[in-house]
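The lines below spell out each chain.
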Amino acid sequence: MIRLLIVSALFGLVLCDEKKCGKCPPTPKLYEELGCVGVLDNNGCCFERFNCPDWNTLAADKCHYKGRSYNISDTVSESDSPPCSIACHCSEGYDGTKPSFRCASVDCPENFGFLEPGCVFQYSLDKCCNVDKVCGDDKINELGKCELEGKTYTEGEKMYPDSSSCHTCLCTKDFNSSVPIESNPNCKKVDCGIELRNLYRLQSGCVPVYFGTSDCCPIDYRCPSEKDEVMPIEGRADLDVMLEKTCKYGDHNLHIGQSLNSLEDKCVECTCKQPPMVECVKKTDC
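First things first, this report covers the structure right here in the doc. (Residues numbered from 1 in each chain as written. Predicted model: local features only at pLDDT ≥ 70, side-chain atom pairs only at ≥ 80, totals over all residues. Heavy atoms only, no water.)

1. Some points on the pairing of strand 12 (residues 151-154)
- In this sheet, strand 12 lies alongside strand 11 (residues 145-148) in antiparallel orientation, the contact comprising four bridges. In the strand pairing of strand 12, Cys146 is matched with Tyr153.
- Between strand 11 and strand 12, which pair antiparallel one after the other, the connecting turn spans two residues, and Glu149 there sits at a positive phi close to 50°. (Pairing = 2+ DSSP bridges. Helix = DSSP H or I, 4+ residues; strand = E, 2+ residues; numbered from the N terminus.)

Here is the structure:
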């Protein structure tokens, strides 16, 4: 199948034969949440690098989120805050760090077992906690059912697909499991709040550490250290010297394919895969 891609007025039209492209690497969640723009490879298939906002040019005495600057004590509106985060406000930095947002986490009553006997909670994709409940066998039996990955769910229930762990789906009357999770209107990708909670880390040169794959929320951050070393690639002398095809990490520039040395955690591999940032992933079998 031929797929037509409109790259830009500069590059014009690119025809891509999906059979020749193979499977593209996932877009790191960091790039997705920061609004970075992907640049296709020469085959017009996969993103080989990304153009990201330069957060180091932002005012150092303010917090920044979704293109807006916040003064100390300013709060983020509920509509702009990720689910389960409330009262997000710009707070002064500490120990020389830049200002950053601090948020309160929502503890839903259902997490503590608060549910009347004979009732089921109802959820919305855009809300953290339940939005309603249905009680009584007759009313519960009127609710629809959904099938997803061999499991049965009741209408209004949240579903967490194993095949796409960074998505949450909602069982509705019109849920169609044959529609891919990524494009299913009843599924939504998790908002990790990377920019909201960790922009100050990115401004300090730190990079996210993911678990297993880079397309979901980070579990930690790796920050530049005097112990950092760039590992050579054995038998490879054709390193691309174009600056936009390198990953910046601290004082080091890594070419695509180059990795950082392991520090305390030998299970974490940090490699330049899709510039401009190093991608750190903790192995699942380690």
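2. What to know about the packing of aromatic side chains
- Scanning the entire structure with this criterion turns up five aromatic pairs.
- Taking the centre distance of 4.6 Å and the plane angle of 35° together, the rings of Tyr31 and Phe50 count as tilted. Linking Tyr31 in helix 2 (residues 29-34) with Phe50 in strand 4 (residues 47-51), this pair joins segments that are 19 residues apart in sequence. Of the two residues, Tyr31 and Phe50, both sit in the buried class.
- Taken together, a centroid distance of 5.2 Å and an interplanar angle of 80° make the contact between Tyr70 and Phe101 edge-to-face. One end of the pair, Tyr70, is in strand 6 (residues 68-70); the other, Phe101, is in strand 8 (residues 100-105), and 31 residues separate them in sequence.
- Take Tyr70: its relative accessible area is 1%, and that puts it in the buried class.
- One aromatic cluster in this structure is built from Tyr31, Phe47 and Phe50. (Phe/Tyr/Trp six-rings, centres within 6.5 Å; stacked < 30°, edge-to-face > 60°. Buried < 20%, exposed > 50% of the residue type's maximum accessible area, 1.4 Å probe, protein only.)

3. Points about the pattern of salt bridges
- For the coordinates displayed, the defined rule picks out eleven salt bridges.
- Measuring nitrogen to oxygen at the nearest pair gives 2.4 Å for the salt bridge that ties Glu116 to Lys133. In this pair, Glu116 sits in the loop between strand 8 and strand 9 (119-122) while Lys133 sits in strand 10 (residues 132-135), placing the two residues 17 residues apart along the sequence.
- Using a relative accessible area of 36% as the deciding quantity, one classes Lys133 as partly exposed.
- We note a salt bridge from Lys273 to Glu279, for which the minimum N-O separation is 3.7 Å.
- With a relative accessible area of 44%, Lys273 lands in the partly exposed category.
- Residue classification places Glu279 among the buried residues on the basis of a relative accessible area of 9%.
- What emerges from the salt-bridge pattern is a single network uniting Lys29, Glu32, Glu33 and Lys189. (Salt bridge = Lys/Arg side-chain N within 4 Å of Asp/Glu carboxyl O.)

4. Structural notes on the nonpolar core
- Counting 26 residues, the largest nonpolar core has Leu30, Leu202, Leu254, Met277, Val278 and Cys280 as its most contacted members.
- Broken down by secondary-structure element, the contributors of at least two residues to this core are helix 2, helix 4 (194-203), strand 16 (207-211), strand 19 (246-249), strand 22 (268-271) and strand 23 (279-282).
- Those residues within four positions of Met277 in sequence are excluded, and the remaining contacts are Leu30, Tyr31, Trp55, Leu202, Cys206, Val207 and Cys247.
- Judged by nonpolar contacts, the second largest core, of nine residues, contains Leu148, Cys169, Cys171 and Ile181. (Core = buried A, V, L, I, M, F, W, Y, C linked by side-chain atoms within 4.5 Å. Contact = heavy atoms within 4.5 Å.)

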